[in-house]
Amino acid sequence: MMDNGVKRHDVIVVGGGQAGLAIGYFLAQQGRDFTILEAAAEPAAAWRERWDSLKLFTPARYNALPGRAFPGDPDTYPNRDDVVAYLTDYARDFNLPVELASRVRAIRKADAGYLVELDDRAYEADQVVVATGPFQIPFVPAIADQLGDEVVQLHSTTYRSPHSLPEGRVLVVGGGNTGFQIAEELAASREVHLSIGSRQTPLPQRILGRDLFWYLEATGLIRKTTESRIGRRLSGRDTLIGSTPRRLRRKHGAVLHGRAVSAVGSTVRFGDGTELEVDGVVWATGFKVDHSFIDASIFDDAGRLVHQRGVTESPGLYFLGLSWQHTRGSALLGWVKDDAEHIANQIQTFSPPAPAEPRAPEHVA
Ligand SMILES: Cc1cc2nc3c(=O)[nH]c(=O)nc-3n(C[C@H](O)[C@H](O)[C@H](O)COP(=O)(O)OP(=O)(O)OC[C@H]3O[C@@H](n4cnc5c(N)ncnc54)[C@H](O)[C@@H]3O)c2cc1C
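For the rest of this paragraph, the subject is the overall build of the protein. A tally of regular secondary structure across the protein gives 8 helices and 22 strands. Against the compact-globule benchmark of 21 Å for 365 residues, the protein has a radius of gyration of 23 Å, which places it among compact chains. The burial tally for the protein puts 44% of its 365 residues in the buried class. Contacts in the protein between residues far apart in sequence, at least 24 positions, make up 64% of those at least 6 positions apart. By element, 49% of the accessible surface of the protein is carried by carbon and sulfur atoms, the whole surface being about 18500 Å². Here the protein contributes 40 positive and 45 negative side-chain charges, whose respective centroids are spaced 9 Å apart.

Have a look at this one:
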């Protein structure tokens with residue numbers, strides 16, 4: 001405890017998802033004094049917010065955090081609850097110090113390190129790791145406000161199952177893995193339309209009996225960094241794993257549309273001028289990140305975070321789990337350990353900058 005009543009740790013980790021737990025594993029191995037502050041009241045909060053039937057696109061073999069294999073047949077695709085159980089057990093079995101219901105409201109530069117403020121308390125730390133997730137704040141486009149009250153609207157984070165929506169015609173907006181999985185599920189019980197704003201490159205889940213990620217590992221593509229030419233090209237394109245527009249149409253009977261551009265009442269209009277009356281809309285339109293609670297000089301003029309593999313210019317302030325932080329694997333269960341180990345090594349070799357010399361009193365003539 002400091003003289004001012006603020007508790008001090010060597011390191012504070014903000015966020016207790018897979019990235020926070022992975023860095024926690026390495027910090028525990030170093031015997032470091034640290035704590036993990038998690039906003040939610042339960043572990044694995046982000047996974048709990050995902051729909052009931054979610055199947056991972058990575059097989060169990062590639063879902064392991066450091067030090068513990070993901071249980072079950074390595075060649076099967078776990079579901080949401082398997083991940084919740086795995087992360088919950090991981091934190092407990094490695095005795096990681098996770099403080100639940102502890103939302104960090106601000107991180108500020110202090111004389112020595114950082115001041116981390118919560119609603120009811122504050123901490124000081126020499127070093128801070130921000131692991132608040134690559135998919136933080138649900139994003140819904142502005143046209144949602146043009147739809148009438150008679151249309152039931154959900155973001156994918158509040159969609160649980162077909163029971164989340166009334167009977168009738170549903171439009172799913174968003175052509176990523178989430179949009180396709182939800183559209184497939186809904187198509188079993190009602191008329192489903194999918195609006196695809198920008199097409200993602202479809203990749204098969206399995207090729208010649210092996211999982212896609214086996215090939216990404218074997219070819220080294222999963223570890224290509226954003227500094228390489230191919231890494232830069234890959235990071236600019238999202239991929240659709242295991243689904244294709246053609247399959248969704250043919251096998252599941254869904255109707256495909258282009259970008260949804262406007263709406264009036266219960267009518268949605270698409271980029272090609274066609275219109276559709278809907279009873280419900282699922283916005284599978286992604287997320288934004290919010291780092292506005294961090295008060296440090298680590299953002300460029302456009303407000304973008306500036307970092308090298310999660311290491312910022314502010315000494316002792318790091319990020320972990322960002323999308324393409326370093327490679328395609330950076331925000332995936334099975335590869336976040338690579339960046340976590342890198343940040344843990346930075347933390348171990350960190351020496352705090354020397355305190356600024358007290359200024360000599362100005363000479364007054
Ligand atoms: C629909 C979907 C399917 C996915 N499927 C797969 C898959 O099959 N395989 C795979 O490997 N990856 C998958 N991912 C990607 C990735 O594994 C997950 O997004 C994962 O949840 C990221 O982990 P994280 O720890 O970085 O972030 P999160 O899981 O988002 O954890 C961040 C944590 O920080 C907490 N937090 C946020 N702000 C604060 C704050 N101010 N103070 C304190 N705590 C805070 C949050 O409550 C949260 O618990 C999927 C992602 C999505 C969206």
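Still more ground to cover, so stick around.
For the rest of this paragraph, the subject is the site of the ligand. Around the ligand, the surrounding shell holds 31 residues, and the nearest of these are Gln-18, Glu-38, Phe-57, Thr-58 and Leu-333. Here an oxygen atom of the ligand and a side-chain polar atom of Gln-18 are 2.8 Å apart. Out of a free accessible area of 980 Å², the ligand has 92% covered by protein chains. At the level of secondary structure, the elements contributing two or more residues to the shell around the ligand comprise helix H1 (18–29) and helix H2 (45–48).

Moving on to a positive patch on the surface. A grouping of Arg-199, Arg-246, Arg-249 and Arg-250 is seen on the molecular surface, where their side chains present a positively charged patch. The topology assignment puts Arg-249 in helix H7 (residues 245–250).

Scoring rules and cut-offs
- Residue positions are given per chain, counted from 1 along the sequence in the order it is written.
- Given that the model is predicted, a residue must reach a pLDDT of at least 70 before its local features are reported, and side-chain atom pairs must reach 80 or more before they are shown or counted; all residues, however, enter totals for whole chains, interfaces and linings.
- Side-chain measures here rest on the full set of heavy atoms in the structure, leaving out hydrogens and waters.
- Here a strand is any run of E in DSSP of at least two residues, a helix any run of H or I of at least four, and the numbering for each starts at the N terminus.
- This radius of gyration counts C-alpha atoms alone. The globule rule is 2.2 Å times how many residues there are, raised to the power 0.38.
- Whether a residue is buried, partly exposed or exposed follows from its accessible area with a 1.4 Å probe, protein chains only, as a fraction of its type maximum: under 20%, in between, or over 50%, in that order.
- Whether two residues are in contact is decided by their heavy atoms, any of which lying within 4.5 Å being enough.
- Surface accessibility follows the Shrake-Rupley procedure with a 1.4 Å probe radius. Residue values consider only the protein chains on display as shielding.
- Positive residues here are Lys and Arg, negative ones are Asp and Glu, while His and the chain termini are left out of the count.
- Working definition for charges: the position is that of NZ of Lys, CZ of Arg, CG of Asp or CD of Glu.
- By convention in this text, a residue qualifies as near a molecule or strand provided that one of its non-hydrogen atoms is within 4 Å of it.
- Here a polar contact is taken to be a pair of N or O atoms separated by no more than 3.5 Å, where protein atoms must pair a possible hydrogen donor with a possible acceptor and residues adjacent in sequence count only if both atoms sit in side chains.
- Each patch is built from salt-bridge-free residues with over 30% relative accessible area, joining like charges within 9 Å and nonpolar side chains (Val, Leu, Ile, Met, Phe, Trp, Tyr) within 5 Å.
- Salt bridge criterion: a side-chain nitrogen from Lys or Arg within 4 Å of a carboxyl oxygen from Asp or Glu.

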